[in-house]
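Spelled out from the first residue to the last, the chains are:
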Amino acid sequence: MVDRAQRVAQGARRQAVSGDERRAVSGDERRAGDAGAGRGDARQAPRQRPVPDADEMRALLAVAFRPAGVTVVLLSALIVVTLVAANSDLTGTFGAIAASWLAIHQVPLTIDGTTLGVLPLIPTAGMAWAVARGCAAVVDPASSRRHALRVIGAAVAGPLVVTAIGLAVVADASAVIPLSSPNTLAAFGWVLFVHLLAASIGVALAMWPTLGAEVPSWVRGAVRPGLRAMMAILGAGALMITLSLLMEWSTVGSLLERGDGVVGTLGLTILSVLYLPNVVVGAAAAVTGGAAQIGDVSVSVFGNVGGSLPPLPLLGAVPDGVSGGAWPALLAIPLLIGVMLGRDCGRRVAGQEALFTVLTAAAGVGVVMAVLGLVSGGRLGAFGTVELNWWAFGLLTFAWLGLAGAVTAVIVAWHRSRGAEDEDEAEDEEPHLPGAEEVPAIAAPVVDEPEVPAGAAPSRVIEAELVDDTEAPAAPVAPQDTGVEAEVVVDAEVEEDAPTEEPEDPADVDEAPEADLPRRPATPSD
């Protein structure tokens with residue numbers, strides 16, 4: 001009976017243990033299933049991106065629509081005033097406003113069957129400046145890249161919406177006025193290019209303290225010299241146009257007289273001012289060795305080709321004769337600008353990186369000049385095509401600046417390295433310590449020694465010794481006119497003579513002790 005009871009108890013214990021194990025295993029499986037389900041939910045759930053707050057949304061909306069809104073308002077006022085001054089009805093006003101918006105972005109327009117592809121650069125530059133300034137105002141060096149991309153996207157999205165509306169208005173107005181709808185792809189492409197470039201420049205300038213740390217030093221050093229070289233090339237073109245206008249002022253005046261009144265003359269003057277940057281770019285292309293072509297007319301330092309020109313007073317600056325033998329001397333201008341670029345880069349960046357800096361700056365200026373040459377040309381109706389051969393303009397600019405600048409930068413870097421070596425050699429030499437040379441002593445004034453009376457005690461003898469302290473350099477001797485007294489260090493030692501003993505011999509008592517001076521007054525015979 002006892003054995004049977006023991007066996008029953010052992011079976012009960014085994015069943016209890018197995019039940020606990022099964023429950024533990026089922027609990028582990030349940031927890032593992034829950035964890036797997038949680039991971040699956042985490043994988044399936046999309047990652048939430050930070051949503052812009054109210055202030056950021058207001059800033060993005062301002063960046064997107066403020067420049068476009070201000071431009072549309074100004075265009076509307078200008079067009080209405082012009083139509084009223086010309087005693088014209090307001091038919092097609094909205095179409096003219098939309099066409100002006102497209103023209104600001106260099107979109108070619110077709111009016112009454114005539115294609116106008118040469119559009120002024122001043123309105124485009126003003127639009128780009130406004131967009132860049134607006135983007136830089138809402139970005140700081142501490143802004144994240146996500147915020148910067150949002151600003152650039154807003155600066156592009158707003159004008160694209162306005163462009164879509166403008167294309168629809170032009171298509172509707174083409175039934176009333178002789179205005180054809182432009183190429184849709186070209187319209188969106190030019191608007192995207194202008195605003196994307198301007199927004200990127202504004203954001204880059206605002207975040208440059210942060211972005212500049214990630215850029216190599218030879219690239220950072222190429223920014224300012226490159227901008228200076230670009231402005232010098234354009235300044236040379238502007239100088240040539242100014243001199244040519246002064247020399248051909250009679251032709252310019254005769255073209256202004258064709259305005260038939262104050263309104264016409266004022267219109268021709270405004271139109272000439274708007275197209276002035278285009279002509280300056282053409283002159284810069286000619287100075288670098290390229291050619292500027294206006295219909296049948298071609299201008300270059302190696303030879304001109306004559307022909308008919310539009311009756312624009314500004315085009316009176318175009319020379320009507322064949323270029324002479326002195327014109328190729330103008331090629332010294334880009335050569336000197338290249339030397340200036342190499343000098344600036346050599347002073348900013350030392351060593352071999354100066355050469356990389358010059359080439360980077362020259363490449364950047366060449367790309368900018370090629371883009372300016374591309375946007376400055378186009379179709380000019382019955383007069384033909386205005387072409388600056390933009391790719392040759394960019395290559396010639398790069399060649400002049402790169403070659404002359406590289407040679408100059410190498411020379412400047414070599415001179416800087418020689419100067420550094422000379423300074424290192426001067427520092428390695430033993431320094432000249434003041435006081436190391438012998439200084440002549442100043443003699444003390446001679447005074448009369450007083451007489452020593454007889455029977456006086458033995459005098460004490462002072463022996464002085466001038467010690468030169470070689471451990472620390474002596475202080476420099478102050479000039480006499482500064483009022484600073486020189487301090488002389490004297491190491492003195494006092495010695496006392498031991499008292500003389502009394503002589504044992506009485507005979508020696510009467511003898512006078514030996515003294516340096518006589519005991520009685522000396523007579524002149526002594």
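Residues numbered from 1 in each chain as written. Predicted model: local features only at pLDDT ≥ 70, side-chain atom pairs only at ≥ 80, totals over all residues. Heavy atoms only, no water.

Each helix and strand in the protein was counted, giving 15 helices and nine strands. Within the protein, contacts between residues separated by at least 24 positions form 74% of all contacts whose residues are at least 6 apart in sequence. Accessible surface, the protein: about 34,500 Å² in total, of which carbon and sulfur atoms supply 62%. (Helix = DSSP H or I, 4+ residues; strand = E, 2+ residues; numbered from the N terminus. Contact = heavy atoms within 4.5 Å. Areas by Shrake-Rupley, 256 points an atom, 1.4 Å probe, with all protein chains shown as cover.)

Sheet architecture is open: three strands sit in the order β2-β1-β3, paired in antiparallel fashion. Edge positions in the open sheet fall to β2 (114–116) and β3 (179–180), since each of these has one partner strand only. Where strand β1 (residues 109–111) lies against β2, three bridges are found, and the strand directions are antiparallel. Looking at β2, one finds that Leu 109 is bridged to Leu 116. (Pairing = 2+ DSSP bridges.)

With that settled, consider the side chain of Thr 71. Mapping Thr 71 onto the fold places it in helix α2 (residues 54–85). By relative accessible area, Thr 71 is classed as buried at 13%. Sequence-distant contacts of Thr 71, that is, excluding residues within four places in its chain, are made with Trp 101, Ile 104 and Met 127. (Buried < 20%, exposed > 50% of the residue type's maximum accessible area, 1.4 Å probe, protein only.)

Turning next to the nonpolar core. Membership of the largest hydrophobic core comes to 35 residues, with the highest contact counts inside it found for Trp 101, Leu 102, Val 131, Cys 135, Val 151 and Val 203. For this core, the secondary structure elements donating two or more residues are α2, α3 (93–104), α4 (122–137), α5 (145–173) and α6 (184–206). Counting residues per element, this core draws most heavily on α5, at nine residues. Those residues within four positions of Cys 135 in sequence are excluded, and the remaining contacts are Val 63, Val 151, Ala 155, Ala 199 and Val 203. The next biggest cluster of nonpolar side chains, apart from the first, holds 22 residues, and it includes Ile 233, Ala 285, Ala 354 and Leu 401. (Core = buried A, V, L, I, M, F, W, Y, C linked by side-chain atoms within 4.5 Å.)

Tracing the sequence through the fold places Thr 408 in helix α15 (residues 390–428). Among residues more than four places away in sequence, those in contact with Thr 408 are Val 339, Gly 342 and Arg 343.

Turning our attention to α2. The first and last C-alpha atoms of α2 sit 45 Å apart over 32 residues, in line with the 46 Å expected at 1.5 Å per residue. Maximal helix bending in α2 amounts to about 40°, located at Phe 65; proline Pro 67 follows within four positions. Buried within α2 we find Glu 56, Leu 60, Val 63, Ala 64, Pro 67, Ala 68, Thr 71, Leu 75, Ser 76 and Ile 79. Looking at the buried residues of α2, the elements they touch are α3, α4 and α5. (Expected span 1.5 Å × (residues − 1). Bend = angle between axes of the 7 residues up to and from the residue.)

What follows is about the packing of α4 against α6. Two numbers describe how α4 lies on α6: the axes approach to 7 Å, and their chain directions differ by 40°. Taken together, the axis directions place α4 and α6 in an arrangement best described as oblique. Judged by the twist between their axes, the crossing of α4 over α6 is right-handed. Of α6, the residues touching α4 (which contributes Thr 124, Met 127, Ala 128, Val 131, Ala 132, Cys 135 and Ala 136) are Val 194, His 195, Ala 198, Ala 199, Gly 202, Val 203 and Ala 206. Along the lines of polarity and charge, the residues of the contact of α4 with α6 split into eleven nonpolar, three polar and no charged. (Axes fitted to C-alpha atoms, helices over the stretch in contact; angles between N-to-C directions. Parallel < 35°, antiparallel > 145°, perpendicular 65-115°, else oblique. Left-handed = near helix turned anticlockwise from the far one by under 90°. Nonpolar A, V, L, I, M, F, W, Y, C, P; charged D, E, K, R; others polar.)

Reading across from one edge, β5-β4-β7-β6 is the order of the four strands in this open sheet, with antiparallel pairing throughout. The sheet terminates laterally at β5 (297–299) and β6 (378–379), the two strands that pair on one side only. Across two bridges, strand β4 (residues 292–294) lies against strand β7 (residues 385–387) in antiparallel orientation. Within β7, the position partnered with Ile 294 by the bridge is Val 386.

Once that is clear, we can look at the pattern of salt bridges. A pair can form between side chains of opposite charge whenever their charged atoms are brought close. Within the structure shown, the criterion is met by five salt bridges. The closest approach of N and O atoms between Arg 228 and Asp 344, which form a salt bridge, is 3.0 Å. Pair noted here: Arg 228 is in helix α9 (residues 223–247) and Asp 344 is in helix α13 (residues 332–348), with a separation of 116 residues, a long-range link. For Arg 228, a relative accessible area of 39% corresponds to the partly exposed category. (Salt bridge = Lys/Arg side-chain N within 4 Å of Asp/Glu carboxyl O.)

This part covers the environment of Gly 378. For Gly 378, the location among the structural elements is in strand β6. Contacts of Gly 378, omitting those with residues within four sequence positions, involve Gly 117, Val 118, Gly 384, Thr 385 and Val 386.

Bringing the environment of Pro 216 into the picture now. Structurally, Pro 216 can be placed in the loop between α7 (208–211) and α8 (217–220). A residue is classified by how much of its surface remains accessible, and Pro 216, at 38% relative accessible area, is partly exposed.

Turning our eyes to something else, we now look at the packing of aromatic side chains. Where two aromatic rings form a pair, the distance of their centres and the angle of their planes describe that pair. For the structure on display, the rule yields two aromatic pairs. Ring centres of Trp 190 and Phe 193 lie 6.2 Å apart, and the angle between their planes is 85°; this geometry places the pair in the edge-to-face category. Placement of both Trp 190 and Phe 193 in helix α6 is noted, with a separation of three residues, approximately one turn of the helix. Phe 193 gets classed as partly exposed once you look at its relative accessible area, which sits at 38%. (Phe/Tyr/Trp six-rings, centres within 6.5 Å; stacked < 30°, edge-to-face > 60°.)

The next thing to look at is a nonpolar patch on the surface. Side chains of Phe 193, Leu 197, Ile 201, Leu 205, Val 367 and Val 371 sit close together on the surface and give an oily, nonpolar patch of about 530 Å² of accessible area. Sort the elements by how many residues they give to the nonpolar patch and α6 lands first, with four residues. Along the polypeptide, Val 367 turns up in helix α14 (residues 353–375). (Patch = residues over 30% accessible without salt bridge, like charges linked within 9 Å, V, L, I, M, F, W, Y side chains within 5 Å.)

With their axes 9 Å apart at the nearest point, α13 and α14 run at an angle of 135° to one another. Of the possible angle classes, the one that applies to α13 and α14 is oblique. As α13 runs across α14, the sense of the crossing is right-handed. Residue-level inspection shows Leu 341, Gly 342, Cys 345 and Gly 346 of α13 in contact with α14, the latter providing Ala 354, Thr 357, Val 358, Ala 361 and Ala 362. Here the residues of the contact of α13 with α14 sort into six nonpolar, three polar and no charged.

Moving on, we get to unusual backbone geometry. A positive phi is found at Asp 112, a non-glycine position, where the angle reads about 55°. Looking at the element boundaries, Asp 112 is found in the loop between β1 and β2. Unlike most non-glycine residues, Asn 389 shows phi in positive territory, near 50°. Mapping Asn 389 onto the fold places it in the loop between β7 and α15.

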